[in-house]
Amino acid sequence: MSVQRRTALVSVAAAVGLVVLKLTVGLAANSLGLVSEAVHSGTDLVAALLTFFALGVSGRPADPSHQYGHGKAEHLAALAEASFLSLASVFIAFQAVERLTGSQTSHVTTSPYVFLTILVVIAVDATRAMLSWRVSRRTGSAALAANAVHFAGDLAGSVAVLVGLLFVRAGHPDGDPWAALFVAVLVLASAARLIRVNVDVLMDRAPLGAEAAARAAIDELAPDIELRRLRMRQAGGRQFADVVIGVAASAGVGQGHAAADSVEAAVQRALPGSDVVVHVEPGSEADTRERVHAAAAAVPAVREIHNVSLVEVGGRNELSLHVKLPGGMTLAEAHDAAEELEAAIRSKVPLLDTIQTHLEPLTETSEGREVPGDAAVVQRIVVEETGQSPVSLRFLRTDAGLVAYLTLALDPTASLGEAHSLASEIEARLRLEAPEIADVVVHTEPA
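Just so you know, these numbers come straight off a predicted model, no measurement behind them.

S.K.: Explain the pairing of strand 5 (residues 316–326) to me, using residue names and the numbers behind them.
M.R.: As paired elements, strand 4 (residues 304–313) and strand 5 share eight bridges and run antiparallel to each other. When the sheet's bridge partners are listed, H306 is paired in strand 5 with H322. Direction of pairing for strand 5 relative to strand 6 (residues 354–362): parallel, over a ladder of nine bridges. Each bridged residue has a counterpart across the sheet, and for E318 the counterpart in strand 6 is T354. Tracing the backbone out of strand 5, into helix 10 (residues 331–348) and back to the parallel element strand 6 gives a crossover that is right-handed.

In structure tokens form, the structure reads like this:
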């Protein structure tokens, strides 16, 4: 027999003894407080029996019909216990109000055996509450935790009954019904709390504390693992987590499986005994490019990166990119900057196996002046390609040679690809037919 069921069985035996003791002495002494505590212990007996049988059910392993196990049986038992508590509290309150309003009168006996009975009850309640609480903390049992809270309420109620009887002995007969009314309120508050907690579990309410712990554990992993969704629930003191993560699109099956294993292990370290299912989805190449650009922005010497290419070669992820650095740098300084950039990229995208950088000097600002050029050739080519003259045309003499700047007005419904293709064709013809032009910059805009 498991330690949980042994603890529940002890509670059953204690509840039987307390019901008999409280009811016998309460009826003999005509004490509503003791009778109400007897009714309260009667609900304890029913609750303890429910807990005992529920733990037997919840301890069964998962089967084809209950693939997540039987842990919710404990919460059903706790909910039934709360229902009995609510009925008992209403009954106790009704009797107490009748005595306080004078609708019902009675004489309460305060003999020494009555006080001895209360002291025995207090000792038993304290022992049961402490035992159930310790075992529930060690095993994570919701039903035993509910019992511990219940027994703590019994202890407070027993103390209230003792105080009420002391008032009766001192000549204040209303002390006993006031104690009974206090017990009723105490029972109702405990019932409300148990109902709320266990309904949350049965309705699969997300356990906020556990969810926060799981998120923090996943966030501490390598940044190449993207948490896309986390859904959690609990039953029988155990957490269940469904996790969806994204990894680099170029990652192999083995790498994706390793990422899933690391997420599962991280969540189980944060929440021992949890059941974790991880689904792996491929990330887009755009995500990787964004991370590469973010890494480059953190390196002060890097002015620009372009031609970023991510390829898979023989199961290995290879990244290549062009890096522009200040033209005045020495080769050694440029190499150090490239090493710093590669380290920054690896910190953002750890799944990369190889990073190849092509270093380029950033063109420094140079002086230029506007000069006349062969506008006729440019005009002719533009008209032949577009059917109309350019919106504007000018020539600049720079250190790199003659540069032509022209603006074209095109059909606004044309696609960007069509506009770019037309501009590229004009640039190619100008370089071929006007070799004195070193460079052509074409700007397109809607007509």
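Now that the structure is up, let's keep going.
S.K.: Report on the pattern of salt bridges, specifying residues and quantitative values.
M.R.: Following the criterion strictly, the structure yields nine salt bridges and no others. The shortest N-O distance in the salt bridge between E370 and R394 comes to 4.0 Å. A residue pair is termed long-range when its members are at least 10 positions apart, and E370 in strand 7 (residues 369–371) and R394 in strand 8 (residues 392–398) qualify at 24 residues. Its relative accessible area of 56% is what places E370 among the exposed residues. Accessibility expressed as a relative area gives 38% for R394, which makes it partly exposed. Across the salt bridge formed by R429 and E433, the nearest N and O atoms sit 3.1 Å from each other. Taken as a pair, R429 and E433 lie in helix 12 (residues 416–433) at a separation of four residues, close to a single helical turn. Taking the relative accessible area as the measure of exposure, R429 reaches 16% and is therefore buried. Because the salt bridges share partners, they merge into one network encompassing R380, E384, E385, R429 and E433.

S.K.: Which residues make up the nonpolar core, and what are the values?
M.R.: A general tendency of soluble globular proteins is for nonpolar side chains to be buried together. Ranked by size, the top nonpolar core spans 23 residues in total, and within it L34, V114, I118, V161 and L165 carry the most contacts. Of all the secondary structure elements, the ones that give two or more residues to this core are helix 1 (3–29), helix 3 (72–100), helix 4 (112–139), helix 5 (142–169) and helix 6 (175–202). At seven residues, helix 6 tops the list of elements feeding residues into this core. Ignoring sequence-local partners within four residues, the contact set of L165 consists of S31, V108, T110, V114, F115, I118 and D176.

S.K.: I'd like a description of a nonpolar patch on the surface, backed by residues and values.
M.R.: Side chains of V159, V163 and F167 sit close together on the surface and give an oily, nonpolar patch of about 240 Å² of accessible area. Summarising the element assignment, V159 is placed in helix 5. In this structure V159 comes out as partly exposed when scored by relative accessible area, which is 37%.

S.K.: Residues and numbers for the packing of helix 11 (residues 375–386) against helix 12, please.
M.R.: As a packed pair, helix 11 and helix 12 sit with axes 10 Å apart at the nearest point and diverge in direction by 145°. At the point where helix 11 passes helix 12, the crossing takes the right-handed sense. Where helix 11 approaches helix 12, its residues V378, R380, I381, V382, E384, E385 and T386 are matched on the opposing element by L422, E425, I426, R429, L430 and E433. Across the contact of helix 11 with helix 12, the residue classes break down as six nonpolar, one polar and six charged.

S.K.: Quick one: what's the story with the sheet that holds strand 7, residue by residue and with numbers?
M.R.: Taken in spatial order, the four strands line up as 7-8-9-10 in an open sheet, and their pairing is mixed. Edge positions in the sheet fall to strand 7 and strand 10 (437–446), since each of these pairs with one other strand and no more. Taking the axes of each pair of neighbouring strands and ignoring which way they run, one obtains an average angle of 30° across the sheet. For strand 7 and strand 8, the ladder comprises three bridges, and the chain directions are antiparallel. Bridged to E370 within strand 8 is L396. Sheet contacts for helix 11: strand 8, strand 9 (401–410) and strand 10; angle to strand 9, the most-contacted strand, approximately 30°. The sheet contacts of helix 12 involve strand 9 and strand 10, and relative to strand 10 the element is tilted by about 155°.

S.K.: Quick one: what's the story with a negative patch on the surface, residue by residue and with numbers?
M.R.: A contiguous patch of negative charge, built from E333, D336, E339 and E340, is present on the exposed surface. With respect to the helices and strands, the residue D336 is situated in helix 10.

S.K.: Go over unusual backbone geometry with me, naming the residues and quoting the values.
M.R.: Even without a glycine there, the phi angle at N307 is positive, about 50°. One can find N307 in strand 4.

S.K.: Help me get a handle on the packing of aromatic side chains, residues and values and all.
M.R.: Counted according to the given criterion, the structure contains zero aromatic pairs. Above the ring of F240, the side-chain terminus of R233 is found at 4.5 Å from the ring centroid. One residue, R394, lies across the ring of Y405, its end atom 5.2 Å from the ring centre.

Reading guide: rules and limits
Residues numbered from 1 in each chain as written. Predicted model: local features only at pLDDT ≥ 70, side-chain atom pairs only at ≥ 80, totals over all residues. Heavy atoms only, no water. Pairing = 2+ DSSP bridges. Helix = DSSP H or I, 4+ residues; strand = E, 2+ residues; numbered from the N terminus. Right-handed = clockwise from strand over helix to strand, strands pointing away. Salt bridge = Lys/Arg side-chain N within 4 Å of Asp/Glu carboxyl O. Buried < 20%, exposed > 50% of the residue type's maximum accessible area, 1.4 Å probe, protein only. Core = buried A, V, L, I, M, F, W, Y, C linked by side-chain atoms within 4.5 Å. Contact = heavy atoms within 4.5 Å. Patch = residues over 30% accessible without salt bridge, like charges linked within 9 Å, V, L, I, M, F, W, Y side chains within 5 Å. Areas by Shrake-Rupley, 256 points an atom, 1.4 Å probe, with all protein chains shown as cover. Axes fitted to C-alpha atoms, helices over the stretch in contact; angles between N-to-C directions. Left-handed = near helix turned anticlockwise from the far one by under 90°. Nonpolar A, V, L, I, M, F, W, Y, C, P; charged D, E, K, R; others polar. Lys, Arg positive; Asp, Glu negative; His and termini not counted. Charge placed at Lys NZ, Arg CZ, Asp CG, Glu CD. Phe/Tyr/Trp six-rings, centres within 6.5 Å; stacked < 30°, edge-to-face > 60°. Lys NZ or Arg CZ within 6 Å of the ring centre and 35° of its normal.

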